[in-house]
Amino acid sequence: MKILLCSLCLLMASGSLMAGSKVIATGGATTVEGNSGGGIVPWATINGYSSSDEWSVNTFAGRVGVDDFTLDSVGIGASFNNQWELSFARQKFTLDTIGGELRQDILGIKYKIAGELLYSGMPQISLGAQFKKNRDFALPAAVGAGDDSGYELYLAASKVFFDAIAGRNLLLNATVRSTDAHQAGLLGFGGAGVSHKLMFESSAVLLLNYNLALGTEFKQKPNQLGFADEQHWRDVFAAWFINKNASVVLGYVDLGDIAGLTEQTGFYLSVEGTW
Amino acid sequence: MVKYLLFVTTLVLTACQHHPEASLYQRLGGETGVENIVDGVLSGIEHDSSIVHHFADTDIPRFRRLLIEQFCELAGGPCKYTGASMQESHTGFQITQAHFDALVNHLISAMQQQQVPIEAQNEFLAMLAPMYKDVVYR
Ligand code: HEM
Ligand code: HEM
């Protein structure tokens, strides 16, 4: 939490430092996995504000606090040419009631293959890959996960529709992800009878003005670990793009049942800096 | 009953005439509004070292007049655009996505400066955004 507050203060104080040419908010926010998107769904957007031939870097820190668990994520990323995005995130999932923690690292890469979020009739389409590695595997192994690392591939399509609802712009996103992860990888990967499954994720975001947006997301989950059911994730959020250097996302999340503990809902807060 | 309905209908219709749905041109501020927006964009370009070089040989007063005509016509105002097509006028300049983004930023600042309502800004951006393909990398 302290890190969150300090980074926010630093960012607000930094004013408008070097930033790329892209229009504000078009780099999206940063998900808990470190890539550009909403809070839990990666979009086709490329993080930061680097347009053609420009570079940008970003960093974020986020916390999801639900009834019996806390997920802290921090990460850094770099983007080039509004086409390539590289990201690294470190997650710490604290089992507040059960005791203990599950940590994992996520390395991500995304490549825009077609379309322009704002300017083309067809959506912007990007292909992404994530490599995830558990840093704590005793618990995942004990409950049936076969592997302490896994990869995920996803295809995302995003488009901004100008003047869509009450004169406001609307961003719609659909993502298909191939994964064999349990609880997004926090409970490991693979195992007996577990295969890569295609999962659907989506987001809808209404841009109230250039700086404020309201969104909602859905993330389908494979539920392939026998020991306890996992459920689809949902959230609603408000994002404040203060300027091209700083943004804050506040959300309400529903993570369903986790490790046998039911109805995990709570808050989500994330701050991001981009240069 | 019929008389009453007619009376109400007449009232409603006259009320509509008194409050016509303002055209986009009006919501951009009419003639002065569009002129101010174009001047805002021009001043943005002039102070932007990433794109100003494209205009080194441009006849600025003519460019200004054509932009005003074009914006006015697009927004449904009483003007006729007399310039060249977007494809013709932007070919050979090697305009990139970053240049286009920069211009969109200047247009947005100009409209904000002019206090154009966000709905009108978005409606106008919706008309300009598809011109991307005719302007960049030609
Ligand atoms: C090296 C490039 C440029 C130089 C040295 C320059 C210089 C100037 C100067 C000295 C004036 C004031 C003239 C006066 O008040 O009569 C002026 C006005 C103006 N310039 Fe430029 N300019 C340059 C490029 C441009 C470009 C690229 C644009 C637009 C695309 C532009 C748009 C304008 C406009 C619209 C005015 C009139 C401002 C007004 O009416 O208030 N200029 N410029
Ligand atoms: C939707 C976006 C744009 C619109 C509506 C637009 C509109 C126009 C118009 C009406 C003209 C005058 C055409 C003529 O001379 O007959 C023009 C010329 C020009 N535009 Fe654009 N433009 C756009 C984007 C851009 C961008 C992104 C750049 C580069 C940064 C650019 C650079 C130029 C230049 C250099 C000229 C002058 C060409 C010359 O001197 O002959 N335009 N534009």
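Residues numbered from 1 in each chain as written. Chains lettered and ligands numbered in written order. Predicted model: local features only at pLDDT ≥ 70, side-chain atom pairs only at ≥ 80, totals over all residues. Heavy atoms only, no water.

A. The arrangement of the nonpolar core in detail. One finds Leu28, Leu107 and Met111 of chain B to be the most contacted residues of the largest nonpolar core, which totals 77 residues. Top element by residues in this core is helix H6 (residues 97–113) of chain B. It accounts for 7 residues. (Core = buried A, V, L, I, M, F, W, Y, C linked by side-chain atoms within 4.5 Å. Buried < 20%, exposed > 50% of the residue type's maximum accessible area, 1.4 Å probe, protein only. Helix = DSSP H or I, 4+ residues; strand = E, 2+ residues; numbered from the N terminus.)

B. Structural context of the site of ligand 2. Residue and element names in this part refer to chain B. Around ligand 2 sit 23 residues in total, of which Thr58, Arg62, Phe63, Ala84 and His90 are the nearest. Within the backbone of Ala84, a nitrogen or oxygen atom sits 2.8 Å from an oxygen atom of ligand 2. In this structure, His90 approaches ligand 2 through a side-chain N or O atom, which is 2.8 Å from a nitrogen atom. Secondary structure elements with two or more residues in the shell around ligand 2: helix H4 (60–74), helix H5 (86–90) and H6. Element by element, the count of residues in the shell around ligand 2 is highest for H4, at 5 residues. Among the residues making up the shell around ligand 2, the classes are represented as 15 nonpolar, 7 polar and 1 charged. (Near = heavy atom within 4 Å. Polar contact = N/O pair within 3.5 Å; in protein donor to acceptor, adjacent residues only side chain to side chain. Nonpolar A, V, L, I, M, F, W, Y, C, P; charged D, E, K, R; others polar.)

C. A look at the pattern of salt bridges. Enumeration according to the criterion identifies 20 salt bridges over all chains in this entry. In this structure, the salt-bridge partner of Arg63 of chain A is Asp72 of chain A, at a minimum N-O distance of 2.7 Å. Note that Glu73 of chain B is salt-bridged to Lys80 of chain B, the shortest N-O span being 3.5 Å. Each of Glu33, Lys132, Glu152, Arg177, Glu201 and Lys219 of chain A takes part in salt bridges that share partners, so that together they form one network. (Salt bridge = Lys/Arg side-chain N within 4 Å of Asp/Glu carboxyl O.)

D. Examining the sheet that holds strand S9 (residues 168–179) of chain A more closely. What the 12 strands build is a closed barrel, ordered S3-S4-S5-S6-S7-S8-S9-S10-S11-S12-S13-S14 (chain A); its pairing is antiparallel. If you compare each strand with its neighbour and ignore which way they point, the axes differ by 20 degrees on average. Bridging between strand S4 (residues 69–80) of chain A and strand S5 (residues 84–95) of chain A involves 12 bridges; their strand directions are antiparallel. The residue of S5 of chain A that forms the bridge with Leu71 of chain A is Phe93 of chain A. Sheet strands in contact with helix H7 (residues 118–128) of chain B are strand S8 (149–165) and S9 of chain A, and its direction is about 110 degrees off that of S8 of chain A. (Pairing = 2+ DSSP bridges. Axes fitted to C-alpha atoms, helices over the stretch in contact; angles between N-to-C directions. Contact = heavy atoms within 4.5 Å.)

E. Spotlight on the coordination of the iron atom of ligand 2. Within the protein, a single donor atom binds the iron atom of ligand 2, namely His90 of chain B (NE2) at 2.0 Å. Take His90 of chain B: it is sitting in helix H5. (Donors = N, O, S within 2.8 Å, 3.2 Å for Na, K, Ca; no water.)

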